[in-house]
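Residues per chain, in single letters:
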Amino acid sequence: MPGTTSTMPGGPDAEVSPSTPHPRRWIALAVIAISQLMVVLDATIVNIALPQAQADLGISNADRQWVVTAYTLTFGGLLLLGGRIADYWGRKRTFLVGMVGFAIASAIGGLATTGGMLFAARALQGAFGALLAPASLALLTVLFTQATERAKAFAVYGAIAGGGSAVGLLLGGVLTQYADWRWCLLVNIPIAAVALFAAIPLVPESRAHGNTRYDVPGAVVVTAGLVSLVYGFTRAAEDGWDATATIGFIAAGVVLLAAFVVIEMRSSHPLLPLRILLDRNRGGSYLTSTLVGAGLFGAFLFLTFYFQNSLGYTPLEAGLASLPITLGVLIAAGVASQLMPRIGPKPLMLAGTVLAAAAMLSLTRIDLDTSFLAHLLPAQVLLGLGLGFTFVPLSSLALVGVPEHDAGAASATLNATQQIGGSLGTALLNTFFTSAVTAYLASRVPNQATAAQAQIEGYTVAFAWGAGLILLAGVATLVLVKVRKDEIPSGGAVHVG
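Residues numbered from 1 in each chain as written. Predicted model: local features only at pLDDT ≥ 70, side-chain atom pairs only at ≥ 80, totals over all residues. Heavy atoms only, no water.

## Re empty space enclosed by the protein
Put simply, the rule is: Only protein atoms enter the 1 Å grid used here, on which a cavity is any set of points holding a 1.4 Å probe that cannot leave and a pocket is any open set flanked by protein within 12 Å on both sides along at least five of seven lines; residues with an atom within 4 Å of a point are listed as lining. Grid points are joined across faces, edges and corners, and a volume is the space filled by probe spheres set on the points. Helix and strand definitions follow DSSP, with helices as H or I runs of at least four residues and strands as E runs of at least two, each counted in order from the N terminus. Each residue is assigned to one class: nonpolar for Ala, Val, Leu, Ile, Met, Phe, Trp, Tyr, Cys and Pro, charged for Asp, Glu, Lys and Arg, and polar for all the others, Gly among them.
All chains considered together, the criterion is met by one cavity of 30 Å³ or more. When its volume is computed, the largest cavity comes out at roughly 60 Å³. Along the walls of the largest cavity sit Val46, Ala49, Leu50, Ala53, Val67, Leu118, Trp181, Cys184 and Leu185, which together make up its complete lining. Those elements giving two or more residues to the lining of the largest cavity turn out to be helix 1 (25-57) and helix 6 (183-186). Among the elements that make up the lining of the largest cavity, the one with the highest residue count is helix 1 (four residues). When grouped by side-chain class, the residues that make up the lining of the largest cavity number nine nonpolar, no polar and no charged.

Structural data, given as structure tokens:
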């Protein structure tokens, strides 16, 4: 981290010194943790609320995935740029702007009267989240300069990230069932207000010094390319894969992503230095992250709809029913952190992809009366175990052989690939779901029983494709990852931006 200078010693806007620990660093950690909790809650809360939001706003099955992908696309596409802005513009300033913007976007989403308004609000949340998340991590990095204290700080931050998703599932169920789905977005406003008013006096300012040029063209082009790809997948659900609009948007997305590569090759300050991707181990980790994200994010969405629309669970019951995945992740994360220094990342990642794919294939056997305890519970625990064993090693693998000045970009790239993979996978699996439902209904007499079974057909097709994507991630790991256990950094990927 480049050096910082001091302005007003002891004041709330005093820039933190790299050598002297900040006296209010632990209180500042609590404020930053609240912001992280808000971002994590938002993802899982919205999943639980989505069935009611879809019905309330008249969103079609083909378009409903935009509630998820509008957020993850802008978040993932702008995350690298957000990290640069935080470093050079000021991390506290970026943190505060991100917090205010996230709250405003949440208010717009909570008051949405149309599907398009909700999609736009979610995209705006993602854009401000791309400022908030890297600013939060960067603040922790500069606040906690001693290795032992930094480890404790990131343990707290990681616990919020892991446990917050479970809290989000429960809170989403409570709010949707006993208040209204809109409160799953509006709840961000009081959380943001508390964090904002606490951050102003407690969190110190810090910034990196040097050249402050931003790769805005790269950020715009890569985000536009990803949006075009996702929209092409959406059109395929409505018009077919051979439709002019489908082919046109997918082709435009590919061209824009190719243009992004050209921009990065020629930029003096690239958003994503290509040298980070060209190492086979790091490239393999990013490809694995993208494919696993693509397979799993869609699965979470369809499990929510299956619980509520097919099994008749209430939103609260659906939230509780989703917790076994979090349990599996927590178990696997603890085991993986102990095993990785002994056996290295590759065996764990291979085991993780196999377990996750097996869980997805198990979910293809669901029906209208599937037992939760006998089938859904073990399948979800297995899915969580696979997720934990895969993603825990990725955070360290992404930093193998990375120079210190590229560590932030490498970490941010890993986070971005998870979000982007989730975006593309959710759109793609939703298209397969919609196509399967349409094909099933086309050859049968329409009635309530047929419609219910058609949904099951769609879920099983989506889960099968998700398993395929995760198995592809395993192949990528097998072929590309060659790193030895003694080459893994001990610190992990801890800084974004």
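## Looking at helix 3 (residues 91-110)
Residues that lie three or four places apart on an α-helix share one face, since the helix turns once every 3.6 residues. Rule in force here: To estimate how far a helix should extend, the number of its residues minus one is multiplied by 1.5 Å. Burial here depends on accessible area, computed with a 1.4 Å probe over protein chains only, as a share of the maximum for the residue type. Under 20% is buried, over 50% is exposed, and the range in between is partly exposed.
Taking 1.5 Å as the rise per residue, helix 3 with 20 residues should run 28 Å; its terminal C-alpha atoms sit 28 Å apart, in good agreement. Of all 20 residues that make up helix 3, 14 are buried, and the element is covered over most of its length.

## What about the packing of helix 2 (residues 66-89) against helix 4 (residues 115-143)?
Stated formally: Axes, fitted as lines to C-alpha atoms, cover a helix only where it is in contact. Angles between the N-to-C directions of the axes lie from 0 to 180 degrees. Definitions for this section: a left-handed crossing has its near helix turned counterclockwise from the far helix by less than a right angle. A right-handed crossing has that turn clockwise.
The geometry of helix 2 relative to helix 4 is characterised by a closest axis approach of 6 Å and an angle of 35 degrees between their N-to-C directions. The crossing of helix 2 and helix 4 is right-handed. A per-class count over the contact of helix 2 with helix 4 returns 20 nonpolar, six polar and two charged.

## Some remarks on a nonpolar patch on the surface
So the rule is basically this: What goes into a patch is any residue over 30% in relative accessible area without a salt bridge, connected to like charges within 9 Å or, for nonpolar side chains (Val, Leu, Ile, Met, Phe, Trp, Tyr), within 5 Å. In short, Shrake-Rupley with a 1.4 Å probe defines the accessible areas, and a residue's cover is counted only from the protein chains shown. By convention in these notes, a salt bridge is any Lys or Arg side-chain nitrogen within 4 Å of a carboxyl oxygen on Asp or Glu.
On the surface, Trp89, Val97, Tyr214, Val216 and Val220 cluster together into a nonpolar patch covering about 400 Å² of accessible area. Here Tyr214 shows up in the loop between helix 7 (188-202) and helix 8 (216-239).

## Concerning the side chain of Thr176
Where we set the bar: Any pair of N or O atoms that falls within 3.5 Å is considered a polar contact. Within protein, one atom must be able to donate a hydrogen and the other to accept it, and sequence-neighbouring residues count only if both atoms are side-chain atoms. Contacts are assigned to residue pairs with any non-hydrogen atoms lying within 4.5 Å of each other.
Considering the arrangement of structural elements, one finds Thr176 in helix 5 (residues 147-178). The class of Thr176 is buried, set by a relative accessible area of 3%. Polar side-chain contacts of Thr176 include one of 2.7 Å to the backbone oxygen of Gly172. The contacts of Thr176, once residues within four sequence positions are left out, are Ile48, Ala49, Gln52, Trp181, Cys184 and Pro315.

## A word on the nonpolar core
Note on soluble globular proteins: their nonpolar side chains tend to be buried together. What counts, and what does not: What is meant by a nonpolar core is a set of buried Ala, Val, Leu, Ile, Met, Phe, Trp, Tyr and Cys residues, joined one to another through side-chain atoms within 4.5 Å.
Formed by 127 residues in total, the largest nonpolar core has its most connected members in Phe95, Tyr459 and Phe463. Those residues in contact with Phe463, other than ones at most four positions away along the chain, are Ala299, Phe302, Leu303, Met360, Leu363, Thr364 and Ile366.

## A closer look at the layout of surface pockets
Estimated volume of the second largest pocket: approximately 550 Å³. In terms of lining, the second largest pocket is formed by 24 residues, of which the most central are Val222, Phe260, Leu272, Thr417 and Ile420. Counting only elements with at least two residues in the lining of the second largest pocket, the list comes to helix 2, helix 8, helix 9 (244-266), helix 10 (274-278), helix 11 (280-310) and helix 16 (407-442). Residue classes in the lining of the second largest pocket are distributed as 17 nonpolar, six polar and one charged.

## Let's talk about helix 2
Cut-off, in case you're wondering: What we call the bend at a residue is the angle made by axes fitted to the seven residues finishing there and the seven residues starting there.
Along helix 2, the sharpest kink reaches roughly 50 degrees, centred on Leu79. Counting buried residues along helix 2, 20 of its 24 residues qualify, which places the element largely inside the surrounding structure. Phi for Gly90, located one or two positions after helix 2, is positive at around 120 degrees.

## Quick look at the packing of helix 13 (residues 323-343) against helix 14 (residues 345-363)
Spelled out, the test is: Comment on the angle field: the value is read as roughly parallel under 35 degrees, roughly antiparallel over 145, roughly perpendicular from 65 to 115, and oblique elsewhere.
Interhelical geometry of helix 13 versus helix 14 gives an angle of 130 degrees and a closest axis separation of 7 Å. The orientation of helix 13 with respect to helix 14, classified from their angle, is oblique. Mapping the contact onto sequence places Ala336, Leu339, Met340 and Ile343 in helix 13 and Pro345, Pro347 and Leu348 in helix 14. Here the contact of helix 13 with helix 14 is composed, by residue class, of seven nonpolar, no polar and no charged.

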